[in-house]
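What the coordinates show
Below, each chain spelled out in residue letters.
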Amino acid sequence: MRSQCSVMVNVAMETASRPILNIFRFSTNNSSKLYNIPRKSLSFLPPKNYLSTTSSIGKLYSDGCFVNSSSSFSSSTQDTPPQQLALLLEVEGVLMDVYRLGNCQAFNAAFRKLGLDCANWSQPVYQDLVRKSMGDEERMLVLFFNRIGWPTSLPTSEKETFMKSVLREKKIALDELVLSKSLPLRPGVEEFIVEAYEKGVPVVMLTSYCKCGEKSARSIIEKLGNDKMARIKILGMEEVKQSFYGQLVFGEGVASDLGEQLAKEARKAVSAEEQRIAKEVASMLKMKNVVAALRAGAEYANVPVDYCVLVAGSQSGVAGAERIGMPCVVVRSSSTARAEFPGAKAVMDGFGGGDLSISRLQQIQRS
């Protein structure tokens, strides 16, 4: 395996203007849509004709880089009409503004659990702390207890441990609140899902890298009701791992060995171009969960990456979409109200009206 990787990296360095992994051709004997790729069946060979349509490591796995000799994956995506659109939606912040609705309540529940009777945040106090701390929750606690006084029995050396215990209890309380299904979805999001269905636009919900966890994310999705859930695909970590791309990234012994070897070999490089490639490889490996989810979402929707649009509520989603060339639209939430998203095609405040609609997304896709 090591000698094969060394050969691949050497070839890649000689063709540095092309993505480092465009030289890999994968072949498998499995003809199913979800590819099962045992390690021994992967062969790494330079293709006869290099693909030079991309110039970023973010498009390493763009259509055509991976050729399956016995399946129609490549041909089916290449033949997709340009008008086709698929939607990938993050959950937390997009379907539900979890932090605006539940964070203050969760903090107060944590204070009660820890016996901190002096701490009970009203909504104005909470908003003031969010503003002054830029949303950093540890900083919020420091500002608050500096203002009212720390528990008298708490040694100065244990303040950090104390804050971690508050944040741990707060997360538990927030998870319970979300699972109780007492928090509402964002206005207009249900109509948005229905509009997509009526216009024949596939919708994939991404739960695999959700900050609140897959269980909470699926609980949020369930608020759509059975009729709407039947029209969407929910993509958790298990589904991502079963996808073609997921098996390449997470498959036992395959992608981990390959990625680590590529990173090690690239770090040995000395030229400026080789150093750039090394940084891109390292960056890609760090973002593999997000990128794998987006790639798998496009695969399950059976639409090429650049014909999908990610509706994101997180910086990580925007960065992952930008890296692989997937158009992205941000729907702001309370936790991202002041954030900048230079990689997004558009930034909106909600659904319907003058904000996000399927028609707007189709315009963005064509632009």
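As recorded by an unreviewed UniProt entry, the protein carries the name CBBY-like protein isoform X2 and is attributed to Nicotiana tabacum.

On a plain count of helices and strands, the protein comes out with 16 helices and six strands. Taken over 367 residues, the protein has a buried fraction of 52%. Considering only residue pairs separated by 6 or more positions, the protein has 69% of its internal contacts joining residues 24 or more positions apart. A total of about 17600 Å² of accessible surface is found on the protein, and carbon and sulfur atoms cover 49% of it.

What follows is about the packing of aromatic side chains. Two aromatic rings, taken as a pair, are described by how far apart their centres are and by the angle between their planes. Under the counting rule described, the total for this entry stands at 12 aromatic pairs. Ring plane angle 70° and centroid distance 6.1 Å describe the contact between W150 and F162, whose orientation is recorded as edge-to-face. Placement of the pair is W150 in the loop between α5 (137-148) and α6 (159-179) and F162 in helix α6, with a sequence separation of 12 residues. The exposure classification of W150 matches that of F162, with both residues buried. Aromatic rings pair up to connect F107, F111, W121, Y126, F144, F145, W150 and F162 into one cluster.

This brings us to the packing of helix α7 (residues 189-198) against helix α16 (residues 358-366). Close contact between α7 and α16 brings their axes to 9 Å; oriented N to C, the two are set at 65°. Only I358, S359 and L361 of α16 make contact with α7, whose side of the interface consists of F192, E195 and A196.

This part takes up the nonpolar core. Counting residues in each nonpolar core, the largest one holds 42 residues, and the members touching the most others are L87, L89, L95, F192, M205, L356 and L361. In this structure, L235, V240, A293 and A296 belong to the second largest nonpolar core, which totals 32 residues.

Structurally, K199 is set in the loop between α7 and β2 (203-206). Owing to a relative accessible area of 42%, K199 belongs among the partly exposed residues under this scheme. Taking C-alpha positions, K199 is 8.3 Å from I358, a pair spaced 159 residues apart along the chain. What K199 contacts, discounting residues up to four positions off in sequence, is I358, S359 and Q362. A polar contact is formed between the side chain of K199 and the side chain of S359, at a distance of 3.0 Å.

Pairing in this open sheet of six strands is parallel, and the strands run β3-β2-β1-β4-β5-β6 from one edge to the other. The outermost strands of the open sheet, each flanked by one partner alone, are β3 (232-235) and β6 (346-348). This sheet shows a mean twist of 20° between the axes of neighbouring strands, independent of strand direction. Sheet analysis places strand β5 (residues 328-331) next to β6, joined by three bridges and oriented parallel. The residue bridging V331 from the neighbouring strand is M348, located in β6. Together, β1 (86-90), β2 and β3 form the strand contacts of α7, whose direction differs from that of β1 by roughly 160°.

Conventions we followed
- Residues numbered from 1 in each chain as written.
- Predicted model: local features only at pLDDT ≥ 70, side-chain atom pairs only at ≥ 80, totals over all residues.
- Heavy atoms only, no water.
- Helix = DSSP H or I, 4+ residues; strand = E, 2+ residues; numbered from the N terminus.
- Buried < 20%, exposed > 50% of the residue type's maximum accessible area, 1.4 Å probe, protein only.
- Contact = heavy atoms within 4.5 Å.
- Areas by Shrake-Rupley, 256 points an atom, 1.4 Å probe, with all protein chains shown as cover.
- Phe/Tyr/Trp six-rings, centres within 6.5 Å; stacked < 30°, edge-to-face > 60°.
- Axes fitted to C-alpha atoms, helices over the stretch in contact; angles between N-to-C directions.
- Core = buried A, V, L, I, M, F, W, Y, C linked by side-chain atoms within 4.5 Å.
- Polar contact = N/O pair within 3.5 Å; in protein donor to acceptor, adjacent residues only side chain to side chain.
- Pairing = 2+ DSSP bridges.

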